[in-house]
Amino acid sequence: KTIYVLNGPNLNLLGLRDPATYGTQTLADIESTCQQVADELGLELVFRQSNHEGELVDWIHEAGAQVADDTSVGVVLNAGAYTHTSVALADAISGAFVPTIEVHISNVHAREAFRHHSYLSPVAAGVIVGLGSYGYELGMQALAHRAEQ
Ligand code: DQA
């Protein structure tokens, strides 16, 4: 089965972008850790990043189709700033019935007020914030565990 790890806007800049907030790991570093975790879990990793909202919507639908035919366990999603703006992503998650773990590297609740609200949290299976890139690993473990229930 597949496990999707989807990343939204500006996450391609990880490592360069505000390392005090987001750490020094690059997205490629996170991908290689996720690959190790997927191997341990016996899952096939689909790891992607896009700066385009509609592309993320398409990928959530793709994952949803695989969940429906029992070939995927779901999506770990760091939607970046679209978390705070996107009804379309929330509708994709609920419309495609995709188990989704929302992940944020930084503790969004300790930051600007506009980062405190998430359109995704009400439709997410769970939310992990503020644990750095380790949150991706935890999200993957949670989806694998959920699929075994
Ligand atoms: C983020 C938090 C968002 O508020 C921000 O827009 C990001 C990254 C995080 O991982 O901490 O792009 O999702």
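As a reminder, the structure under discussion sits directly above these lines.
These figures come from a predicted structure and were not determined experimentally.

To continue, consider the pairing of strand β4 (residues 100–104). Within β4, five of the five residues are buried, leaving the element largely enclosed by the surrounding structure. Here β4 shows no split at all, with Thr 100, Glu 102 and His 104 on one side and Ile 101 and Val 103 on the other all buried. Sheet topology note: the strand β3 (residues 72–78)/β4 ladder contains three bridges and is parallel. Bridge pairing in β4 links Leu 77 to Glu 102. Each parallel crossover has a hand, and the one from β3 via helix α4 (residues 87–95) to β4 is right-handed. Relative to strand β5 (residues 126–129), β4 runs parallel, the two sharing four bridges. Counted as the bridge partner of His 104 is Val 129 from β5.

Although it is not a glycine, Asn 10 sits at a positive phi angle of roughly 75°. Following the sequence through the fold, Asn 10 ends up in the loop between β1 (2–7) and α1 (19–22). Judged by local crowding, Asn 10 falls into the partly exposed class, with 14 C-beta atoms found within 10 Å. Positioned with a positive phi, Asp 70 is a non-glycine residue whose angle comes to about 65°. The topology assignment puts Asp 70 in the loop between α3 (53–68) and β3.

Moving on, we get to the sheet that holds β3. Sheet architecture is open: five strands sit in the order β2-β1-β3-β4-β5, paired in parallel fashion. Since the sheet does not close on itself, it has two edges, and those belong to β2 (44–49) and β5, each with one partner. Neighbour to neighbour, the strand axes of the sheet diverge by 15° on average, direction disregarded.

Calculation notes
Residues numbered from 1 in each chain as written. Predicted model: local features only at pLDDT ≥ 70, side-chain atom pairs only at ≥ 80, totals over all residues. Buried ≥ 20, exposed ≤ 12 C-beta atoms within 10 Å, placed from the backbone. Helix = DSSP H or I, 4+ residues; strand = E, 2+ residues; numbered from the N terminus. Pairing = 2+ DSSP bridges. Right-handed = clockwise from strand over helix to strand, strands pointing away. Axes fitted to C-alpha atoms, helices over the stretch in contact; angles between N-to-C directions.

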